[in-house]
Amino acid sequence: MKVEFGLLDIEMKDYNNYNKPDLNSARKRLNKETATIYYESNPLYKDLGKGKTYHILTYGCQGNEADSEVMAGIFEELGYKYQENVEEADVVLLNTCAIRENAENRIWGVLGNLKAPKRMKKDMIIGICGCMPQEEKVVDTLLQKYREIDLVFGTHNIYKLPEFLHEIYKHHDRVVEVLSYEGSIIEALPKIRASKHKAWVNIMYGCDEFCTYCIVPYTRGKERSRNKDDIIAEVKCLVKEGYKEVTLLGQNVNAYGKDLEGDYTFGDLLYDLDKTGIQRIRYTTSHPRDLDMKTIYAMRDCKSVMPSLHLPVQSGDDVVLKRMNRKYTFDEYMAKIKALKENIPGISLTTDIIVAFPGETEEQFLNTLKLVQEVGYEGAFTFIYSPREGTPAAKYPNPMTEEEKHDRLNRLNVLINEGYKKGHDRFLGKEVLVLVDGYSKTNKELMTGYSEHNKVVNFIPKNAKIGDIVKVKITEAKTWFMNGEEVD
Ligand code: SF4
């Protein structure tokens with residue numbers, strides 16, 4: 001068997017010999033140092049995409065959006081041009097999400113829809129990447145049932161996209177390479193950022209929490225933090241380019257630094273980034289257990305760190321939290337909420353909640369409703385539990401009927417929607433600062449953007465331009481957004 005650039009020689013056409021994922025390997029957390037690789041463009045692939053086009057379809061979290069910006073950067077470096085119409089693109093990549101079954105079903109539907117354009121345009125390359133290919137079952141299905149897929153790769157080897165494309169053009173056959181390991185850090189990757197004023201900045205990758213319902217620790221590798229100097233340099237560069245806001249990304253940003261030598265933590269990073277001159281800092285996602293006082297003090301002390309926080313709770317019941325392996329209790333979570341509210345008055349809190357986790361009783365569900373009322377969330381992503389193959393919770397018995405599950409979700413959503421409305425009502429008649437994203441999709445005379453508390457604000461502009469931070473007086477509070485007018 002011949003191996004080139006880590007790829008198996010695909011002329012053999014033996015599906016068993018592709019580099020396929022392996023959940024057992026993905027589960028391991030070896031105590032070895034994370035390798036940092038500095039990306040360099042290979043002159044061999046320089047004009048690979050000359051005269052060709054690409055289109056990337058992105059699903060799931062902000063991490064995927066950031067990865068897609070890297071892939072766009074690689075395409076353009078290779079000479080490809082962006083093609084808006086997916087059916088006309090020479091290369092179509094689906095950057096996928098595996099967090100819930102619904103998300104996966106959607107991808108299977110999109111793949112089905114791409115069959116016809118591929119028949120019309122034989123040399124079109126269709127690739128699938130992101131979290132879904134990190135699952136064994138998914139790759140088996142792709143290989144057996146989706147002959148139109150030319151390229152399958154995962155979350156660890158995006159930087160090898162030029163090699164993969166080169167191999168496909170050379171062999172006119174499929175390339176499959178999904179790595180299942182703890183992962184490394186790749187620096188200096190090219191990026192085409194979707195916005196000119198707001199940027200994603202990865203600060204760490206992977207997750208070591210192993211919540212029993214979650215596939216992410218298997219698809220994204222172990223927790224590994226970028227060097228702080230690389231992060232600070234990236235943000236300084238963004239400031240120079242005129243960016244106003246950065247969102248620091250990681251599966252569990254509060255664990256930043258735990259894997260590095262020394263005692264530099266996420267809170268320290270916030271203090272340092274505040275000095276770069278960036279006007280707005282947000283971060284996601286947080287794990288309540290790892291949210292520490294230094295981070296809360298940094299939110300209090302640093303003008304650039306915005307007064308809103310998404311702090312996933314998942315359940316308000318201690319027994320369910322334990323079975324989810326969340327490693328905190330109702331009381332511990334509420335203590336952090338208290339500290340946040342005391343130190344950052346007016347903070348806007350949002351969360352994620354799973355209902356109908358296997359074995360959740362009515363009483364346990366009511367504890368979640370109680371917690372929602374006590375915290376006073378101003379928004380939440382709420383879900384019915386969705387089993388993910390290979391995770392411990394997928395084996396837990398769940399006798400609840402679909403009707404009961406939906407009933408719980410509906411009852412929860414009534415409370416959450418009230419929270420959204422209250423979160424907007426409190427700004428009625430007040431002036432808020434809005435970072436302008438663009439014009440409203442439904443009314444071209446209005447502009448739209450986000451306030452410091454992360455609320456959508458539509459407003460009548462005076463002098464505002466996209467990328468400006470302007471003062472807006474709130475004149476109307478709706479459930480999902482606020483309306484207002486720009487003031488001098
Ligand atoms: S903290 Fe839990 S829910 Fe979040 S990515 Fe890690 S395992 Fe998944």
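Here the structure is a predicted model, which means the values were calculated and not measured.

Engineer: What am I meant to see in the site of the ligand here?
Structural biologist: Neighbouring the ligand are the residues Cys207, Glu209, Phe210, Cys211, Tyr213, Cys214, Val216, Pro217, His287 and Arg326. Of the residues belonging to the shell around the ligand, the class tally is seven nonpolar, one polar and two charged.

Engineer: Is there a simple way to explain the sheet that holds strand β4 (residues 53-58) in this structure?
Structural biologist: Backbone hydrogen bonds hold the strands of a sheet together, and the pairing may be parallel or antiparallel. Sheet architecture is open: six strands sit in the order β5-β4-β6-β7-β8-β9, paired in parallel fashion. Of all the strands in the sheet, the pair left with one neighbour each is β5 (81-82) and β9 (175-177). Pairing between strand β6 (residues 91-96) and strand β7 (residues 125-130): six bridges, direction parallel. Its bridge partner being in β7, Val92 is matched across the sheet by Ile126.

Engineer: Would you mind showing me how to read the layout of surface pockets here?
Structural biologist: Empty space among the atoms becomes apparent when a probe as large as a water molecule is rolled across them. As a volume, the second largest pocket reaches approximately 540 Å³. Glu33, Ser225, Asp259, Leu260 and Glu261 are the residues nearest the centre of the second largest pocket, which is lined by 22 residues in total. Elements that contribute at least two residues to the lining of the second largest pocket include exactly β3 (36-38) and α8 (228-240). When grouped by side-chain class, the residues that make up the lining of the second largest pocket number five nonpolar, six polar and 11 charged.

Engineer: Got a minute to help me understand the pattern of salt bridges in this structure?
Structural biologist: It is possible for side chains bearing opposite charge to pair when their charged atoms get close. Overall, the coordinates contain 36 salt bridges when judged by the stated rule. For Arg226, the salt bridge identified is with Glu234, shortest N-O distance 2.8 Å. Residues Arg226 and Glu234 agree in their burial class; the two are buried. When salt bridges that share partners are traced, they join Glu187, Lys191, Arg193, Arg226 and Glu234 into one network.

Engineer: Help me out: how do you make sense of the side chain of Thr219 in this one?
Structural biologist: Position of Thr219 relative to the elements: it lies in helix α7 (residues 216-219). Residue class for Thr219 comes out buried when judged on its relative accessible area of 1%. With near-sequence residues (within four places) excluded, Thr219 lies in contact with Cys131, Gln134, Thr155 and His156.

Engineer: Looking at this model, I keep getting lost on the nonpolar core. Mind explaining?
Structural biologist: Looking at soluble globular proteins, one finds that nonpolar side chains tend to be buried together. Of all hydrophobic cores here, the largest spans 58 residues; its most connected members are Leu248, Tyr283, Tyr333 and Leu340. If one sorts the elements of this core by residue count, helix α12 (residues 330-343) sits on top with six residues. Apart from the residues lying within four places of it in its own chain, the contact partners of Tyr333 are Pro288, Leu311, Pro312, Val313, Tyr328, Thr351, Leu371, Val375 and Tyr377. Counting residues in hydrophobic clusters, the runner-up holds 31 residues, among them Leu57, Tyr59, Ala89 and Tyr146.

Engineer: When you look at the sheet that holds strand β19 (residues 431-439) in this model, what are you seeing that I'm missing?
Structural biologist: Ordered by their spatial adjacency, five strands build a closed barrel running β19-β20-β21-β23-β22, and the pairing between neighbours is mixed. The sheet shows a mean angle of 50° between the axes of neighbouring strands, taken without regard to direction. By the bridge criterion, five bridges tie β19 to strand β22 (residues 469-477) in an arrangement that is antiparallel. Note on β22: the bridge partner recorded for Leu435 is Ile469.

Engineer: Would you mind going over the packing of aromatic side chains with me for this structure?
Structural biologist: We describe a pair of aromatic rings using the distance from one ring centre to the other and the angle between the two ring planes. All chains considered together, the criterion is met by 13 aromatic pairs. Aromatic side chains Tyr256 and Tyr264 sit 6.4 Å apart centroid to centroid with 75° between the ring planes, which places their arrangement in the edge-to-face category. Of the two residues, Tyr256 and Tyr264, neither departs from the other in class, the shared state being buried. Here the aromatic rings of Phe357 and Tyr385 are separated by 5.3 Å at their centres, their planes lie at 75°, and the arrangement is edge-to-face.

Engineer: Looking at this structure, I do not really get the confidence of the model for the protein. What am I missing?
Structural biologist: Caution applies to low-pLDDT regions: their predicted coordinates should not be interpreted in detail. When pLDDT is averaged along the protein, the result is 93, and 97% of the positions lie at 70 or above. A low-confidence stretch, residues 1-15 stays under pLDDT 50, and its non-local contacts, those more than four residues away or across chains, total 38 contacts.

Engineer: Where do I start with α8 in this structure?
Structural biologist: Spacing of three or four residues puts side chains on the same side of an α-helix, whose turn is 3.6 residues. Given a rise of 1.5 Å per residue, 13 residues ought to cover 18 Å, and the 18 Å separating the end C-alpha atoms of α8 matches this to within 8%. For α8, the complete set of buried residues consists of Ile231, Ile232, Glu234, Val235 and Leu238. Taken down its axis, α8 places every buried residue within 160° of arc, on the same side. Looking at the buried side of α8, the elements it contacts are β11 (198-202), β14 (245-249) and α9 (266-274). Regarding α8, its N-cap is Asn227, as a side-chain oxygen of that residue lies 2.8 Å from the backbone nitrogen of Asp229 further along. Where α8 terminates, the next one or two residues include Gly242, which has phi positive at roughly 95°.

Engineer: Even after reading the chapter, I still don't get unusual backbone geometry, so can you show me in this structure?
Structural biologist: With an omega dihedral of 5°, the bond running from Thr284 to Thr285 counts as a cis peptide bond. As for its placement among the helices and strands, Thr285 is situated in the loop between β15 (280-284) and α10 (293-301). The phi angle at Ala188 is positive, at roughly 60°, despite the residue not being glycine. Inspection of the secondary structure puts Ala188 in the loop between β10 (185-187) and β11.

Engineer: Help me understand helix α13 (residues 362-375) in this model?
Structural biologist: Along its 14 residues, α13 runs 20 Å from first to last C-alpha, staying within 8% of the 20 Å computed at 1.5 Å per residue. Regarding α13, the residues found buried are Gln364, Phe365, Thr368, Leu369, Leu371, Val372 and Val375. Across the axial projection of α13, the buried residues extend over an arc of 160°, all falling on one side. Set apart from the buried face of α13 by more than 90 degrees, the exposed residues are Glu363 and Gln373.

Engineer: Explain the packing of α10 against α12 here, please?
Structural biologist: Each pair of packed helices can be summarised by the angle the axes make with each other and by the distance between the axes. The contact between α10 and α12 brings their axes to 9 Å, and the two run at 25°. In this view, α10 runs roughly parallel relative to α12, as classed from their interaxial angle. In the packing of α10 onto α12, the handedness of the crossing is right-handed. Note on element contacts: α12 touches α10 through Lys336, Ala339, Leu340 and Asn343, opposite Met293, Ile296, Tyr297, Met299 and Arg300.

Cut-offs applied
Residues numbered from 1 in each chain as written. Predicted model: local features only at pLDDT ≥ 70, side-chain atom pairs only at ≥ 80, totals over all residues. Heavy atoms only, no water. Near = heavy atom within 4 Å. Nonpolar A, V, L, I, M, F, W, Y, C, P; charged D, E, K, R; others polar. Pairing = 2+ DSSP bridges. Helix = DSSP H or I, 4+ residues; strand = E, 2+ residues; numbered from the N terminus. 1 Å grid on protein atoms, 1.4 Å probe; cavity = no way out; pocket = protein on both sides within 12 Å on 5 of 7 lines; lining within 4 Å. Points joined across faces, edges and corners; volume = space filled by probe spheres on them. Salt bridge = Lys/Arg side-chain N within 4 Å of Asp/Glu carboxyl O. Buried < 20%, exposed > 50% of the residue type's maximum accessible area, 1.4 Å probe, protein only. Contact = heavy atoms within 4.5 Å. Core = buried A, V, L, I, M, F, W, Y, C linked by side-chain atoms within 4.5 Å. Axes fitted to C-alpha atoms, helices over the stretch in contact; angles between N-to-C directions. Phe/Tyr/Trp six-rings, centres within 6.5 Å; stacked < 30°, edge-to-face > 60°. pLDDT = per-residue confidence, 0-100. Expected span 1.5 Å × (residues − 1). Arc of directions from axis to C-beta. Polar contact = N/O pair within 3.5 Å; in protein donor to acceptor, adjacent residues only side chain to side chain. Parallel < 35°, antiparallel > 145°, perpendicular 65-115°, else oblique. Left-handed = near helix turned anticlockwise from the far one by under 90°.

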